[in-house]
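Now for the letters of each chain:
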Amino acid sequence: MTMHDTFLLPLTDAVQLITPEGRRVASPAFDPWVADVTDAELLQMYDDMVIVRRMDAEATALQRQGQLGLWPPLLGQEAAQIASARALARQDFVFTSYREHGVGYVRGVTPAQVTPVWRGVAASGWNPYDVGMAAPQVIIGAQTLHAVGYALGIQNDGADAVAVAYFGDGATSEGDVNEAMVFAASFDAPVVFFCQNNQWAISEPVSLQARRAIAERAPGFGIPSLRVDGNDVLAVTAATRIALDRARSGGGPTFIEAVTYRMGPHTTADDPTRYRLDGELAEWRAKDPIARLETLLTDAGALDDDHRTAVKAKADAAAAELRAACIALRDPEPMSMFDNVYAEPNSMIDREREAYRRYLAMFEGVEA
């Protein structure tokens, strides 16, 4: 039996390497995959999580102040995003939903590039090829098909790269996700399906759509799966490395279920107090991904008050950069909506542009 064969078995319990109390626990199957992770690397992940949580809070505040149209918070899901993104190689390409701000941060998306989409002034805040990450996908689950298509291109080119699709538990009920897994399994595509099970698909609990662990679905498509504690950076790192190794070695796709929790609203348009109990939130706050890593690093002597002060200052600076860049954004010119619709000139777009120019000319004070 190989290392990969170990994870073809039915999964019931999430693998955990760091307990909520910050204690390291052994796992013979997973420990070899994180044996080289140093305290310095764990400290980097701690810093990343603190910074993206601060940026997330700032963006939420900006929306409440009317500076953003909408914002999907990542509060509580930092470990799943940061640890998995840190495991990727630069040549790997990421396809996300709308909540993966932590993944974007690790891939090189700057604070200034985060808000244009959510302010409604741009279709994307960054060039996907600069950071190896596509623009966020709002259509639930559609990015899984994009990831598989990209993975088939990798396979065709013989490139040493992997496509990674991030999505939530709610997306697993969408046809797109299931179709993507059919294609990935059929063609042994080098793709990782990374499901952040944050327990709620807007106001519906995961138990309504999944009577068994979500990770148990993938083997039905012929895709091995892993179920890990998504608030544990080491468990997530191990799972992601296993999946990436399998894809790079020609073994095909892997499905990861990272069990985590959305501590904030689905988006700032949502009120989670209407559908979940305070006790549930308190239970998951005790499993906070940042707090458990902080305890582990403090006990190991790798984290002290000076470092906490320094990372707080860095987080505040990132939040200030995000705020300043957001407020400085200006509405695009009306006619720019026709730019970049097609890569080549298109007569239909030309006609629509001219019709819209004439329409705008009907209104006094509006420049076309």
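The structure we're discussing is the one just above.
Residues numbered from 1 in each chain as written. Predicted model: local features only at pLDDT ≥ 70, side-chain atom pairs only at ≥ 80, totals over all residues. Heavy atoms only, no water.

Colleague: Quick one: what's the story with the packing of helix α7 (residues 142-157) against helix α8 (residues 175-186), residue by residue and with numbers?
Modeller: Between α7 and α8, whose axes approach to 7 Å, the crossing angle comes to 15°. The angle between α7 and α8 falls in the class roughly parallel. Every pair of crossing elements has a handedness; the one defined by α7 and α8 is left-handed. Every residue of α8 that contacts α7 at Ala 142, Thr 144, Leu 145 and Val 148 is listed here: Asp 176, Val 177, Glu 179, Ala 180, Phe 183 and Ala 184. Across the contact of α7 with α8, the residue classes tally to 7 nonpolar, 1 polar and 2 charged. (Axes fitted to C-alpha atoms, helices over the stretch in contact; angles between N-to-C directions. Helix = DSSP H or I, 4+ residues; strand = E, 2+ residues; numbered from the N terminus. Parallel < 35°, antiparallel > 145°, perpendicular 65-115°, else oblique. Left-handed = near helix turned anticlockwise from the far one by under 90°. Contact = heavy atoms within 4.5 Å. Nonpolar A, V, L, I, M, F, W, Y, C, P; charged D, E, K, R; others polar.)

Colleague: Pulling in residues and values, what's your account of unusual backbone geometry?
Modeller: The backbone of Asp 188 shows a phi angle near 50°, a positive value even though the residue is not glycine. By the secondary structure assignment, Asp 188 is in the loop between α8 and β3 (191-197). With relative accessibility at 42%, the residue Asp 188 sits in the partly exposed group. Of note, Gln 199 is a non-glycine position whose phi angle comes to about 80°, a positive value. With respect to the secondary-structure elements, Gln 199 resides in the loop between β3 and β4 (200-201). (Buried < 20%, exposed > 50% of the residue type's maximum accessible area, 1.4 Å probe, protein only.)

Colleague: Give a detailed account of the pairing of strand β7 (residues 254-259), specifying residues and quantitative values.
Modeller: With 6 of its 6 residues buried, β7 lies for the most part within the structure. Burial along β7 is two-sided: the residues Thr 254, Ile 256 and Ala 258 and Phe 255, Glu 257 and Val 259 are all buried. Bridge analysis of β3 against β7 gives 6 bridges, and the strand direction is parallel. Its bridge partner lying in β7, Cys 195 is registered against Glu 257. (Pairing = 2+ DSSP bridges.)

Colleague: Lay out the side chain of Asn 198 with the relevant residues and their values.
Modeller: Topologically, Asn 198 is positioned in the loop between β3 and β4. A distance of 2.9 Å separates the side chain of Asn 198 from the side chain of Gln 77, its partner in a polar contact. Setting aside anything within four residues of it in sequence, one finds Asn 198 in contact with Gln 77, Arg 99, Asp 169, Thr 260, Tyr 261 and Arg 262. (Polar contact = N/O pair within 3.5 Å; in protein donor to acceptor, adjacent residues only side chain to side chain.)

Colleague: Which residues make up a nonpolar patch on the surface, and what values go with them?
Modeller: On the surface, a nonpolar cluster with roughly 290 Å² of combined accessible area is contributed by Val 182, Phe 183 and Phe 187. You can see Phe 187 is positioned in the loop between α8 and β3. (Patch = residues over 30% accessible without salt bridge, like charges linked within 9 Å, V, L, I, M, F, W, Y side chains within 5 Å. Areas by Shrake-Rupley, 256 points an atom, 1.4 Å probe, with all protein chains shown as cover. Salt bridge = Lys/Arg side-chain N within 4 Å of Asp/Glu carboxyl O.)

Colleague: Residue-level account of the pattern of salt bridges, with values.
Modeller: One pass over the structure, following the stated rule, counts 21 salt bridges. Its salt-bridge partner being Arg 248, residue Asp 160 comes within 3.9 Å of it at the nearest N-O pair. With a gap of 88 residues between them, Asp 160 in the loop between α7 and β2 (163-168) and Arg 248 in helix α9 (residues 233-248) connect regions that are remote in the sequence. Relative accessible area serves as the criterion here: at 31%, Arg 248 is assigned to the partly exposed category. Among the ionic contacts, a cluster of salt bridges with common partners joins Arg 54, Glu 58, Lys 312, Asp 316 and Arg 323.

Colleague: Tell me what's going on with helix α13 (residues 347-360), and back it up with residues and numbers.
Modeller: The terminal C-alpha atoms of α13 lie 20 Å apart, and with 14 residues this matches the ideal 20 Å at 1.5 Å per residue to within 8%. One side-chain oxygen at the N-terminal end of α13 lies 2.9 Å from the backbone nitrogen of Met 348; it belongs to Asn 346. (Expected span 1.5 Å × (residues − 1).)

Colleague: Kindly report on the sheet that holds strand β1 (residues 93-95), identifying the contributing residues and their values.
Modeller: The parallel open sheet is built from 5 strands, whose spatial order is β1-β2-β3-β7-β6. Looking at the sheet topology across the chains shown, the edges are occupied by β1 and β6 (225-229). Averaged over all pairs of adjacent strands, the angle between their axes in this sheet comes to 20°, without regard to strand direction. Along the sheet face, α7 touches β1, β2 and β3 and points at about 170° away from the line of β2.

Colleague: Quick one: what's the story with the side chain of Thr 260, residue by residue and with numbers?
Modeller: Tracing the chain through its elements places Thr 260 in the loop between β7 and α10 (278-285). The class for Thr 260 is buried, based on a relative accessible area of 0%. Those residues within four positions of Thr 260 in sequence are excluded, and the remaining contacts are Gly 76, Gln 77, Gln 196, Asn 197, Asn 198, Gln 199, Gly 230, Asn 231 and Trp 284.

Colleague: So what about the nonpolar core? Which residues, and what values?
Modeller: Formed by 67 residues in total, the largest nonpolar core has its most connected members in Leu 42, Val 233 and Leu 293. The greatest single-element share of this core, amounting to 11 residues, is contributed by helix α2 (residues 39-64). What Leu 42 contacts, discounting residues up to four positions off in sequence, is Val 37, Val 233, Leu 234, Leu 293, Leu 296 and Leu 297. Among the nonpolar cores identified, the runner-up in size contains 25 residues, and Phe 93, Val 148, Ala 151 and Val 191 belong to it. (Core = buried A, V, L, I, M, F, W, Y, C linked by side-chain atoms within 4.5 Å.)

Colleague: Talk me through the environment of Ala 302; I want residue IDs and the actual numbers.
Modeller: Here Ala 302 is to be found in the loop between α11 (289-299) and α12 (305-328). With a relative accessible area of 23%, Ala 302 lands in the partly exposed category. Put simply, Ala 302 and Trp 200 are 102 residues apart on the chain and 35 Å apart in space, counted from C-alpha to C-alpha. In contact with Ala 302, not counting residues within four places along its chain, are Asp 39, Leu 43 and Leu 297.

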